[in-house]
Amino acid sequence: MFLGFMFKNIILGGLFALLFVFYLFPVDLFLEKLLGIDIKKTYLLGLTLISLFIILCVFKLVPIFNIFITFFIFGSFLVGFSVDEKYMYTLALLFLGLTVLFVILKLSSLAEYTSTLCYLCMVLGIIRDLFYEKVFKN
Amino acid sequence: MKKYSKIKLIPIFAVLFVLCIVSGVRTLAYSKSEYYSKVFRIWGLNTHTLADTAPDTTGYLLLLSSEFSTSTFKLQDRNVIICDTSFGYSNFFYCNSESVNVFNGTAIKTGLCTSVGQIKTQWGDIYIIPESSLYVPTKRDEIEIFIKALTRFSRDVESGVNKTVSPDSIKQLAHPSIFEISAYSVSILLLVSVLFKPLKKVVSSKESVFRKETFINLYREIERFSRNHRWILIYLFLGMIAFLAPVFIGFSYKNRGTLDLDYVMRFFISSLDVRVFSRPQETFKFIMFYYTSALVCIVLLLVTPGLINIIFLSINKVLNRKLNKNFAKYSLPTLIFLGFILSVFYDTEKVAMFLYVILFSIVYLCYLTSKSKLRVTYSVREKVSLLLIVILASIIEMGYKSYHPVKDSNYVLEPLIGISDQHAYFPYSKDYGKNALFEEYLIKPEHPLFLDYYLVYHPRLSKIQNKNVSDFENTGNYIILNSELNDISKFLVNNFEVLDNLKHSLSMNFGVKNLDFSLSSQYILKIGFDCSEELDPKTIYLKVFYNSYKDDVSEEVIPLINFPGCKAGMRVIEYRLPVKVDFIGQSNIIFNILGVTPSSIKSISFYKDNKFVPVIYFTYDKDAKIFLTDISTGDLITNYSFKEISERTFENELDSEFDLSEIINEFIKDKLLRNPFLIWFDSNTPIIVEKNTN
């Protein structure tokens, strides 16, 4: 079990280290000279990233379904981060109203759910407010 | 308008509610002749019995041969006699429950295994059917075809008058075959009405159908339909929900006694089960399937176009951003560095989700960088600094890890039994937190002690092994934990000798050792039903388990008997039932009789070519925790579980106290216990254990 643990760490760590080296240093030029073929940095980075994905899937660290869920959450965050923050705040307000309504109707589990959604929308709006201009150009 | 709708809707809801209730009401007990009369009417033949107060005399009088000795009556123009006893009628015929011999009339071969007698007497026409042709499922199919043919013939004879045989037109509509055919028609009609335009295009198109444009056009067509008829769809959806709600609420009240939303949800999902097509006789479920499917289609029509628009808009929005150069310069190396640290120094399984997020982020940033043609460059100083940071951070992390290895100190100690009393009642279900371990809990158990599926302590045997049942060896002391009857039966096929420890006088579950199944032999199961029990007509099944190949066990469910019910005054009714399985060869066989309670069976015996074959009965209690215990001598006991368990061995000192928490903590660290897990003793009654505080 220990060996298995180490093996996974070494492989994944090695691939990330390789990615780091490929990204920062002109390994492509060195390989080009060594092998005598046209190699681009993008190819090396792409290949390493694909290998990382494949290795992560081969190790079955999480069920495949969870990978899709992670991708969906990541995409949703990006969408929330990209759109006008007014959408997020309006949605937060809507969920706040629903929370109050559900509390009055004594549907506490639904109220809890909508309050979480309100909180998430607000946080996303604030993150967008704070960091959007630092990440993207207008 | 409001008033009108109120008046109209209340009776509809009431009828619906009553229908829901009625659909689940148990069938009332029938006499045998009433049951057969009902069966014949379902097949289309107009029959009545002696018990009918207002019989339709144009139909057939249905009689049991046993009724001749108990009642006085006159035969009618058309009669059907079912032979359930040995019976002879003047010089015309002789019959018993298995066969009929006609001396003065015609013997009609109705199939491979059945024949029916037909005689014409001065008192009327008589058809004679041996009863086994009706209760043995394979024979019954042949008789059904014959009766349907007889029905058609009878109708033709009635001078072309199109007379409905069954007076109950609703029942006729709900007849499986009619319903099934009409359901196909409705399906096609619905499909054509929804896809009429695309179908028309496909049919009239001169080009190949399998082009990208065809599918795009199809989607656009659906989108246009949904947009143009949005309000109609919304009203339709609300209307259907209003119609469906009382049904669901009715079922919830009927089966749960209250409005259980969870139950309603599960009921809705189960009503979408396409396997209903394999059970066309379940008319209500069939209707529900169509109704809920239509509802789901309407929801999809309403939601899909908007959803697809949003997805495309979102993708467009996310992919057409321009990255800030400064952010791109430092975010990418930071993310790669973070991925490196996480994958090297942490348990990959725990950080896998983070690794995926990091990878998605790197890919996204790389895409935006290359798309906006950002030229991110690093000076030599920056590169060296970044590399040094990585090396330094790795050294720090490594040093931190080696000086602070993951220890038990990460866990929080909690009391095992959360009450101050020194006495605890077992079985005890324990819910535990993420990093919880338990404080010492010393006990001196007097019964075998289990944690979930693991035996951890035995008061008489010091050495304990836990294994999967697939590794079973019939030697030494052992305990086999209980499981589903299917698992147990499969296990017994391969370990037939275990049955010696389970012998029982009579049971619905029994085994035959090394039975040779061949095509030329005849296998008969003789079952005696107890008529003092309230036994309704029903189909009883036989589940057969056998070794198909090496250790592979196959199972087969065969209809054993269409049980017709008991005749009034009868105590035990015995049937000889043929057993036909799709297996040829020799194997240990395990049989389970399904669909009847154990108390309603008085006797079971098995025959091969009319020779008695000894069977071993075994009991099965689905609520028991332990299936079998066999303890003789020695100090080792093996616990076998049908659930997948890790092989664990323990050695306990029998005279000293046992720390229950120690072993639980070990199991929690190795992730062997469920949450909550169960601490239980091998005892039929709850056990009170005193905790030792010394």
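Residues numbered from 1 in each chain as written. Chains lettered and ligands numbered in written order. Predicted model: local features only at pLDDT ≥ 70, side-chain atom pairs only at ≥ 80, totals over all residues. Heavy atoms only, no water.

### What about the overall build of chain B?
In plain terms, the rule: Labels follow the DSSP assignment, with helices taken as runs of H or I lasting at least four residues and strands as runs of E lasting at least two, numbered in each case from the N terminus. Throughout this description, buried means an accessible area under 20% of the type-specific maximum (1.4 Å probe, protein chains only), exposed means over 50%, and partly exposed covers the range between. Only heavy atoms enter the contact rule, under which two residues are in contact if any of them lie within 4.5 Å. Note that accessible areas follow from Shrake-Rupley with a 1.4 Å probe, and for residues the cover is restricted to the protein chains shown.
Looking only at helices and strands, one finds 17 helices and 35 strands in chain B. Within the span of chain B, comprising 694 residues, buried residues form 42% of the whole. Intrachain contacts of chain B at a sequence separation of at least 6 include 70% that bridge at least 24 residues. Working note: accessible area of chain B is about 39700 Å², and carbon and sulfur atoms make up 58% of it.

### So, the overall build of chain A
Each helix and strand counted, chain A has six helices and one strand in total. Counting helices and strands in the order they occur from the N terminus, chain A gives α-α-α-α-α-α-β. Looking at the 138 residues of chain A, the share that counts as buried comes to 35%. Long-range pairs, those at least 24 residues apart, make up 60% of the contacts in chain A with a sequence separation of at least 6. Counting only carbon and sulfur atoms, one obtains 78% of the accessible surface of chain A, whose full area is about 9100 Å².

### Comments concerning the interface of chain A and chain B
Threshold: Accessible area that two parts lose when put together, evaluated with a 1.4 Å probe and summed over both, is termed the buried area. By salt bridge we mean one thing: a side-chain nitrogen of Lys or Arg within 4 Å of a carboxyl oxygen of Asp or Glu. Identification of polar contacts relies on pairs of N or O atoms within 3.5 Å, with a donor-acceptor requirement for protein atoms, meaning one able to donate a hydrogen and the other able to accept it, and with residues adjacent in sequence counted only if both atoms are side-chain atoms. Pairing between strands is defined by DSSP: at least two bridges between the two strands are required.
Across the boundary between the two partners, chain A contributes 35 residues, which contact 43 residues of chain B. Buried area between chain A and chain B, both sides added, is near 3700 Å², and the carbon and sulfur share of it is 79%. Where chain A meets chain B, there are zero salt bridges. Inspection of the chain A/chain B interface yields 10 residue pairs in polar contact (both at pLDDT 80 or more). Considering each element in turn, the side of chain A that touches chain B owes the most residues, 11 residues, to helix 1 (residues 2–24) of chain A. One ladder, built from two bridges, connects strand 1 (residues 136–137) of chain A with strand 10 (residues 322–323) of chain B; its direction is antiparallel. In the strand pairing of strand 10 of chain B, Lys137(A) is matched with Lys322(B).

### Some words on the packing of aromatic side chains
Residues and elements named next belong to chain B. To be explicit about the condition: Stacked, tilted and edge-to-face are the three classes assigned to paired rings of Phe, Tyr and Trp, where Trp is represented by its six-membered ring and a pair needs centres within 6.5 Å; plane angles under 30 degrees give stacked, over 60 edge-to-face, the rest tilted.
Inspection of the entire model under this criterion finds 47 aromatic pairs over all chains. A ring pair is formed by Phe563 and Tyr575, whose centres lie 6.0 Å apart and whose planes are at 80°; its orientation type is edge-to-face. Placement of the pair is Phe563 in strand 24 (residues 552–563) and Tyr575 in strand 25 (residues 572–578), with a sequence separation of 12 residues. Like Tyr575, Phe563 is buried. The rings of Phe510, Phe517, Tyr523, Tyr546, Phe583, Phe591, Phe606 and Tyr617 are connected pair by pair, giving a single aromatic cluster.

### Re the environment of Gln422(B)
All names here are of chain B. The residue Gln422 is located in the loop between strand 11 (412–414) and strand 12 (423–426) in this model. Accessibility expressed as a relative area gives 29% for Gln422, which makes it partly exposed. Remark: the alpha-carbon pair of Gln422 and Lys691, spanning 269 residues in sequence, is separated by 5.2 Å.

### With respect to the state of the cysteines
Covalent bonding between the sulfur atoms of two cysteines defines a disulfide. The criterion, for reference: Here, a disulfide means two cysteine sulfur atoms that sit within 2.5 Å of each other.
Tallied over the full model, the rule gives one disulfide over all chains. Here Cys83(B) pairs with Cys95(B) through a disulfide, and the sulfurs are 1.8 Å apart. Every disulfide takes its handedness from the sign of the S-S torsion; for Cys83(B) and Cys95(B) that torsion is -85°, giving left-handed. Taken together, the positions of Cys83(B) in strand 3 (residues 78–83) and Cys95(B) in strand 5 (residues 93–95) put the pair 12 residues apart, joining distant regions of the chain. The residues Cys83(B) and Cys95(B) share a single accessibility class, namely buried. The closest cysteine sulfur to the non-disulfide-bonded Cys118(A) is located on Cys121(A), 7.2 Å from its own sulfur.

### A short note on the packing of helix 4 (residues 64–82) of chain A against helix 12 (residues 283–319) of chain B
The test is simple: Lines fitted to C-alpha atoms define the axes, with helix axes restricted to the stretch in contact, and inter-axis angles between N-to-C directions lie between 0 and 180 degrees. The labels follow the angle: roughly parallel below 35 degrees, roughly antiparallel above 145, roughly perpendicular from 65 to 115, and oblique for the rest. Each residue is assigned to one of three groups, with Ala, Val, Leu, Ile, Met, Phe, Trp, Tyr, Cys and Pro labelled nonpolar, Asp, Glu, Lys and Arg labelled charged, and all others, Gly among them, labelled polar.
At a minimum axis separation of 9 Å, helix 4 of chain A and helix 12 of chain B run at an interaxial angle of 70°. If you check the angle between helix 4 of chain A and helix 12 of chain B, you find them roughly perpendicular. Residues Leu78(A), Val79(A) and Ser82(A) of helix 4 of chain A form the contact with helix 12 of chain B, whose own contacting residues are Ser314(B), Lys317(B) and Val318(B). The residue makeup of the contact of helix 4 of chain A with helix 12 of chain B, split by class, is three nonpolar, two polar and one charged.

### Points about the side chain of Asp84(B)
All names here are of chain B. With respect to the helices and strands, Asp84 occurs in the loop between strand 3 and strand 4 (87–89). Separated by 2.9 Å, the side chains of Asp84 and Ser65 make a polar contact. Within polar-contact distance, the side chain of Asp84 engages the side chain of Ser66 at 2.8 Å.

### A short note on the pattern of salt bridges
Residue and element names in this part refer to chain A. Evaluated as defined, the whole model comprises 14 salt bridges over all chains. Measuring nitrogen to oxygen at the nearest pair gives 2.9 Å for the salt bridge that ties Glu85 to Arg128. Taken together, the residues Glu85 in helix 5 (residues 85–104) and Arg128 in helix 6 (residues 108–135) connect sequence positions 43 residues apart.

### Some points on the sheet that holds strand 4 of chain B
Residue and element names in this part refer to chain B. Spatially, the three strands line up as an open sheet ordered 4-5-6, and their pairing is antiparallel. For this open sheet the edge positions go to strand 4 and strand 6 (100–102), each flanked by a neighbour on one side alone. With direction set aside, neighbouring strand axes in the sheet form an average angle of 10°. Strand direction decides the pairing type here: strand 5 and strand 6, joined by three bridges, are antiparallel. Within strand 6, the residue paired with Phe93 across the bridge is Val102.

### A few points about the sheet that holds strand 17 (residues 454–457) of chain B
Residue and element names in this part refer to chain B. In space, the four strands of this open sheet follow the order 13-34-16-17, with antiparallel pairing throughout. At either margin of the open sheet sits one strand with a lone partner, and together these are strand 13 (428–430) and strand 17. Strand-to-strand twist of the sheet, defined as the mean angle between neighbouring strand axes without regard to direction, takes the value 25°. In this structure, strand 16 (residues 449–451) lies alongside strand 17, joined through three bridges in antiparallel fashion. Each residue of the ladder has a partner; that of Leu451, found in strand 17, is Tyr454.

### Some points on the confidence of the model for chain A
Note: predicted coordinates in regions of low pLDDT should not be interpreted at a detailed level. The line we're drawing: As a per-residue quantity, pLDDT reports the predictor's confidence and falls between 0 and 100.
Confidence along chain A averages 86 in pLDDT terms, with 96% of residues attaining 70 or more. Across chain A, the secondary-structure element scoring lowest on mean pLDDT is helix 1 of chain A, at 78, and the one scoring highest is helix 5 of chain A, at 92.

### Some words on the side chain of Ser489(B)
All names here are of chain B. Position of Ser489 relative to the elements: it lies in helix 16 (residues 485–494). With relative accessibility at 0%, the residue Ser489 sits in the buried group. If sequence neighbours within four positions are ignored, Ser489 has contacts with Phe545, Ile590, Asn592 and Phe618.

### Notes on the environment of Phe136(A)
Secondary-structure assignment places Phe136(A) in strand 1. Considered as a pair, Phe136(A) and Ser82(A) are 54 residues apart in the sequence and their alpha carbons are 8.8 Å apart. Setting aside residues up to four positions removed in sequence, Phe136(A) forms contacts with Phe81(A), Arg321(B), Lys322(B), Leu323(B), Asn324(B), Tyr364(B) and Leu368(B).

### Considering unusual backbone geometry
All names here are of chain B. Along the chain, Asn675 connects to Pro676 via a cis peptide bond; the corresponding omega equals 0°. Along the chain, the position of Pro676 falls in the loop between helix 17 (660–669) and strand 34 (677–681). Although it is not a glycine, Asp452 adopts a positive phi angle of roughly 50°. Summarising the element assignment, Asp452 is placed in the loop between strand 16 and strand 17. For Asn514, which is not glycine, the phi torsion reads 40° and is therefore positive. Among the structural elements, Asn514 can be located in strand 21 (residues 509–517).

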